[in-house]
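Secondary and tertiary structure notes
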There are 2 protein chains.
Amino acid sequence: MSRVSVKRKVLKENDRIAEELRSRFRARNVLTLNLISSPGAGKTSLLERTLGGLPKRLRAAVLTGDIETDNDAKRLSPFGYPVRQITTGGSCHLDAQMVERGLSSLGDQEIDVLFIENVGNLVCPASFDLGEECKIVVLSVTEGDDKPLKYPATFVKSDLVVLNKIDLLPYVSFDLPRARENAKRVHPGIDILEVSCTTGQGMDDWLRWIDRRLESARQRTVQPAP
Amino acid sequence: MSRVSVKRKVLKENDRIAEELRSRFRARNVLTLNLISSPGAGKTSLLERTLGGLPKRLRAAVLTGDIETDNDAKRLSPFGYPVRQITTGGSCHLDAQMVERGLSSLGDQEIDVLFIENVGNLVCPASFDLGEECKIVVLSVTEGDDKPLKYPATFVKSDLVVLNKIDLLPYVSFDLPRARENAKRVHPGIDILEVSCTTGQGMDDWLRWIDRRLESARQRTVQPAP
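Residues numbered from 1 in each chain as written. Chains lettered and ligands numbered in written order. Predicted model: local features only at pLDDT ≥ 70, side-chain atom pairs only at ≥ 80, totals over all residues. Heavy atoms only, no water.

**Considering the sheet that holds strand 1 (residues 31–37) of chain A**
By way of backbone hydrogen bonds, the strands of a sheet pair with one another, either parallel or antiparallel. Residues and elements named next belong to chain A. Threshold: Two strands are counted as paired when DSSP detects at least two bridges linking them. Each helix is a run of DSSP H or I of at least 4 residues and each strand a run of E of at least 2, with the numbering of both proceeding from the N terminus. Interaxial angles span 0 to 180 degrees and are taken between N-to-C directions of axes, which are lines fitted to C-alpha atoms, for helices over the stretch in contact. Only heavy atoms enter the contact rule, under which two residues are in contact if any of them lie within 4.5 Å.
With parallel pairing, the seven strands of this open sheet are ordered in space as 3-2-4-1-5-6-7. At either end of the open sheet lies a strand with only one pairing partner, and these are strand 3 (83–87) and strand 7 (191–194). This sheet shows a mean twist of 20 degrees between the axes of neighbouring strands, independent of strand direction. Here strand 6 (residues 158–164) runs beside strand 7; their pairing, made up of four bridges, is parallel. Each residue of the ladder has a partner; that of V162, found in strand 7, is L193. Along the sheet, helix 2 (residues 43–53) makes contact with strand 1, strand 2 (60–66), strand 4 (113–117), strand 5 (134–140) and strand 6, crossing strand 4 at roughly 160 degrees. The strands that helix 7 (residues 176–186) touches are strand 6 and strand 7; relative to strand 7, the one it contacts most, it runs at about 155 degrees.

As structure tokens, this is what we get:
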């Protein structure tokens, strides 16, 4: 079997498990968000701010992926929500089977919103459906405004860009309008939020974005069959 | 054929081509450096500073890899050295065959030092030997001091960490001694240089590092057979 056909088979099997997960999430009314970024763009910091700011009525949980270490789970556990580390042991992305196993380890807890923090990699995670409601790409301004053009697949498949570290804008060469234009060029319908996980700027907008997504998901569930 | 055995076969074929390239580089006394980093850590900025600062006697050339766009080749061409863009069309890393083709497109020019700028990805490029003399990992301080522990393979296989963007240290939470300690923990013999491609700080050390490597390569060539 050729390299391409093996890859196709792996992706097909992944998609099958991802569709099962998606059905399960929808049946239980879980909003699942798959966070993708380069290493160090601020996925874990965004989750720290998020878990610290979520309304208490929301039941959240986190599956956080890394090649090695459980540093991220340690950072996120103090917020009082269930957090599980997925250590991929070399793999450059999460796949649906890892998420399935992570979910099992969470047991039968009721969840409103599940955050999946992918491995730090702006390329490979985009190819693996995890059954999420949507992908979100975190881009830090220190990475440069050209990144949507250079790594288009992740931006095409994401519903939202969280543009992080805007507190560093005075110190780096980053053209904000051009970054927005580049993101919209590869994906015209993409939302863009500007935040700083260091100062907390933009966190209200982000929490409102999550809330709107929860609302849409709920409305879909209560609508009568046509 | 299973996924693992296909991957093994692909890597074996890659290694065969990489070894041919390495023999060719050594026979012609070309020092080849494979630059790896996350997206936006500053590989292209480092090369801009490098090409601008190299002694004129040195004949340099660049192969620069990206999934999409030829932005990097456009940035590096004005320095007057031969530069070729390798666009991988989706692949998350360069492989030896792409380097072979890139070299052919450079023709028969004499080269002392060949810079290969890999695709922005801290994971997958580490698995693909390109026939280089050594790998170099560029890590920016905005990414966090824990990255050597989280992405060990790239640090284990690299001879040097170029710690970039140290001009941003006052504005980010980055523990320099801890970063050094983490890099040395996964690879005790690794060299570490602190630089800023924005201010130019540390560029002399980096050019001296290249010069020492050129010297070692030359000495190996002129030594009589035992």
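Alright, that's what it looks like, and here's the rest.
**Re the relation of the copies chain A and chain B**
Under the convention used in this document: In superposing the copies, a least-squares fit is computed on C-alpha atoms, taking residues whose pLDDT is at least 70 in both.
Mapping chain A onto chain B calls for a screw motion: a turn of 180 degrees about the axis and a shift of 0.0 Å along it, with 0.0 Å RMSD after fitting. The relationship between the two copies is best expressed as a two-fold rotation axis. Interface residue correspondence from chain A to chain B reaches 100%, placing this contact among same-surface, isologous pairings.

**Concerning the sheet that holds strand 4 (residues 113–117) of chain B**
Residues and elements named next belong to chain B. Across the sheet, which stays open at both edges, the seven strands sit in the order 3-2-4-1-5-6-7 with parallel pairing between neighbours. Whereas interior strands pair on both sides, the edge strands pair on one side only; in this sheet they are strand 3 (83–87) and strand 7 (191–194). When the angles between neighbouring strand axes are averaged without regard to direction, this sheet yields 20 degrees. Both strand 1 (residues 31–37) and strand 5 (residues 134–140) contribute to a ladder of five bridges, which runs parallel. Each bridged residue has a counterpart across the sheet, and for N34 the counterpart in strand 5 is K135. Here helix 2 (residues 43–53) sits on the sheet and contacts strand 1, strand 2 (60–66), strand 4, strand 5 and strand 6 (158–164); the angle it forms with strand 4, its principal contact strand, is near 160 degrees.

**Examining the interface of chain A and chain B**
Convention followed: Throughout, the accessible surface (probe 1.4 Å) given up by two parts as they are put together, summed over both, is called the buried area. For salt bridges, the criterion is a side-chain nitrogen of Lys or Arg within 4 Å of an Asp or Glu carboxyl oxygen. In protein, a polar contact means a hydrogen-donor-capable atom and an acceptor-capable atom, both N or O and within 3.5 Å, with residues adjacent in sequence counting only if both atoms are side-chain atoms; elsewhere, any N or O pair within 3.5 Å suffices. For this scheme, ten residues count as nonpolar: Ala, Val, Leu, Ile, Met, Phe, Trp, Tyr, Cys and Pro. Four count as charged, namely Asp, Glu, Lys and Arg, and the remainder, Gly too, count as polar.
The interface of chain A with chain B comprises 35 residues on the first partner and 35 residues on the second. Between chain A and chain B, a total of about 2800 Å² is buried, with carbon and sulfur atoms accounting for 61% of that surface. Looking only at chain A, the three residues that lose the most surface to chain B are R3, P39 and K150 of chain A, adding up to 22% of its buried area. Taken together, chain A and chain B are joined by four salt bridges. In this structure, K150 of chain B and D72 of chain A form a salt bridge, with 2.7 Å as the shortest nitrogen-oxygen distance. Our count for the chain A to chain B interface comes out at nine residue pairs in polar contact (both at pLDDT 80 or more). Here the residues of the side of chain A that touches chain B are counted per class, giving 17 nonpolar, nine polar and nine charged.

**Topic: the environment of D211 of chain A**
Residues and elements named next belong to chain A. Convention followed: Type-normalised accessible area, obtained with a 1.4 Å probe on protein chains alone, sets the label of each residue: buried when under 20%, exposed when over 50%, and partly exposed for intermediate values.
Looking at the element boundaries, D211 is found in helix 8 (residues 203–222). Among the residues examined, D211 registers a relative accessible area of 33% and is labelled partly exposed. As for D211 and E48, which are separated by 163 residues in sequence, their C-alpha atoms are 17 Å apart.

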